[in-house]
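Descriptive structure summary
Chain residues, written in single-letter form:
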Amino acid sequence: MLYDFNMLSGAQVSLLRFDKTCITPEYLSWLNDQKVMRFSNQRFLKHTKYTSLAYLDTFTDSSNLFLAIRMRDNLQMVGTITAYVSENHATAEIGLMIGDQKHWGRGIGLDAWRTLMNYLLMELGMRKVTGGTLRCNVGMIRIMERSGMHLEAVRVKQQIVEGDAQDELYYSKFRN
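Numbers given to residues run from 1 along each chain, matching the order in which its sequence is written. Two thresholds apply to this predicted model, a pLDDT of at least 70 for residue-level local features and 80 or more for giving and counting side-chain atom pairs, whereas whole-chain, interface and lining totals are computed over all residues. Only hydrogens and water are removed before side-chain values are computed, so all heavy atoms of the structure are retained for them.

With that out of the way, let us pick up the overall build of the chain. Runs of E in the DSSP output that reach at least two residues are strands. Runs of H or I that reach at least four are helices, and both are numbered from the N terminus. Secondary structure summary: the chain contains 4 helices and 8 strands in total. Overall, the chain shows an N-to-C arrangement of helices and strands of β-β-α-α-β-β-β-α-β-α-β-β. Radius of gyration here is computed from C-alpha atoms only, and the compact-globule reference equals 2.2 Å multiplied by the residue count raised to the power 0.38. The C-alpha radius of gyration computed for the chain amounts to 16 Å, which stays within 12% of the reference 16 Å derived for 176 residues, consistent with globular compactness. Expressed along its principal axes, the backbone C-alpha trace of the chain runs to roughly 45 × 40 × 30 Å. Residue exposure (1.4 Å probe, protein chains only): buried if accessible area is under 20% of the type maximum, exposed if over 50%, otherwise partly exposed. Across the 176 residues that make up the chain, the buried fraction comes to 47%. In what follows, residue pairs with any heavy atoms lying within 4.5 Å of each other are defined as contacts. The contacts of the chain with a sequence gap of at least 6 include a subset with a gap of at least 24, amounting to 61%. Here, Shrake-Rupley sampling with a 1.4 Å probe gives the accessible areas, and only protein chains in the shown set may cover a residue. Total accessible area computed for the chain in this model is approximately 9600 Å², and 50% of it derives from carbon and sulfur atoms.

Structure representation (structure tokens):
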């Protein structure tokens, strides 16, 4: 199913479909910034306009969502958020990147996360939304916990970050 909406609005952000016009030099700089990608496996890849267009194409004719996070007041893009939807199971997994570091620690990620999570649960009727992060990614843990998600599973020492083995944490929230 393709979901029909122009924009999802949060308190601080607007979520709009990510399209090829979003692939700017600034966006590519976020993807290739080791600080921005510190906790993501994307840090091992070199991102180009071509690889970004190829990734964008994976969302064509799918139920998955790839959205640009834009500031509500001026529509400046500050990050992206995805939802990988399993219609058969009525579940969705969210992923988030705030690329513009000037907006870190200001509640932008939480607002985007809550906005998409509520849309998935309340508007689309997903029964469960999930998200994962590494134990060392304190900011992402706060976002998931403050959005009402609960720790569901831990994969102990699953990934290496800066030489240290880190647990992967999986959070979830059910509609009911």
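Let's shift gears to the nonpolar core. Side-chain atoms within 4.5 Å link the members of a nonpolar core, which is a set of buried Ala, Val, Leu, Ile, Met, Phe, Trp, Tyr and Cys residues. Judged by nonpolar contacts, the single largest core of 32 residues is most densely connected at L15, I69, I81, I94, W113, L116 and L120. Elements supplying a minimum of two residues to this core: β2 (13-17), β3 (65-71), β4 (77-86), β5 (91-98), α3 (108-123), α4 (138-146) and β8 (164-174). Per-element tally for this core: the top contributor is α3, with 9 residues. When sequence neighbours within four positions are dropped, the list of residues in contact with W113 reads I81, I94, G95, L96, G131, M140, I143, M144, S147 and M149. Core analysis: the second largest hydrophobic core is formed by 15 residues, I23, L31, M77 and M97 among them.

What follows deals with the packing of aromatic side chains. Put simply, two rings from Phe, Tyr or Trp (the six-membered ring, in Trp's case) pair if the centres are within 6.5 Å, and we call them stacked under 30 degrees between planes, edge-to-face over 60, tilted for the rest. Within this structure, the stated rule accounts for 7 aromatic pairs. Summarising the aromatic geometry, the rings of Y55 and F59 are spaced 5.1 Å apart at their centres and angled 80° between planes, so their arrangement reads as edge-to-face. An angle of 70° between the planes, with centres 5.2 Å apart, marks the rings of Y55 and F66 as edge-to-face. Within this pair, whereas Y55 is found in helix α2 (residues 49-57), its partner F66 is found in strand β3, the two being separated by 11 residues in sequence. Classification of F66 by relative accessible area gives buried; the value is 5%.

Patches draw on residues past 30% relative accessible area with no salt bridge. Two like charges within 9 Å are joined, as are two nonpolar side chains (Val, Leu, Ile, Met, Phe, Trp, Tyr) within 5 Å. Every case where a carboxyl oxygen of Asp or Glu lies within 4 Å of a side-chain nitrogen of Lys or Arg is listed as a salt bridge. Together, L151, V154 and V156 make up an exposed nonpolar region whose accessible area comes to about 260 Å². With respect to the secondary-structure elements, V154 resides in strand β7 (residues 150-161).

Right, let's get into the sheet that holds β8. Pairing is mixed in the open sheet, where 8 strands are placed in the order β1-β2-β3-β4-β5-β6-β8-β7. Strands at the two margins of the open sheet, each flanked by one partner only, are β1 (8-9) and β7. Two strands pair when backbone bridges link them, and strand β6 (residues 128-134) and β8 are joined in this way by 7 bridges, in the antiparallel orientation. Counted as the bridge partner of T133 is L169 from β8. Of the strands in this sheet, β5, β6 and β8 are in contact with α4, which crosses β6 at around 160°. Any two strands with at least two DSSP-identified bridges between them are counted as paired. Where helices are involved, their axes are fitted lines through C-alpha atoms of the stretch in contact, as for all axes, and angles between N-to-C directions lie from 0 to 180°.

Attention now moves to the packing of α3 against α4. Each pair of packed helices can be described by the angle between their axes along with the distance between the axes. In the contact formed by α3 and α4, the axes pass within 9 Å of each other and the chain directions differ by 40°. Accordingly, the angle class assigned to the pair α3 and α4 is oblique. For the crossing formed where α3 meets α4, the hand is right-handed. In this structure, α3 contributes G109, L110, W113 and R114 to the contact, and α4 contributes M140, I143, M144 and R146. For the contact of α3 with α4, the residue count by class is 5 nonpolar, 1 polar and 2 charged. If an angle is under 35 degrees, it is roughly parallel; if it is over 145, roughly antiparallel; if it lies from 65 to 115, roughly perpendicular; otherwise it is oblique. With the far helix as reference, a near helix turned anticlockwise by less than a right angle produces a left-handed crossing, and one turned clockwise produces a right-handed crossing. Classes in brief: Ala, Val, Leu, Ile, Met, Phe, Trp, Tyr, Cys and Pro nonpolar; Asp, Glu, Lys and Arg charged; the others, Gly included, polar.

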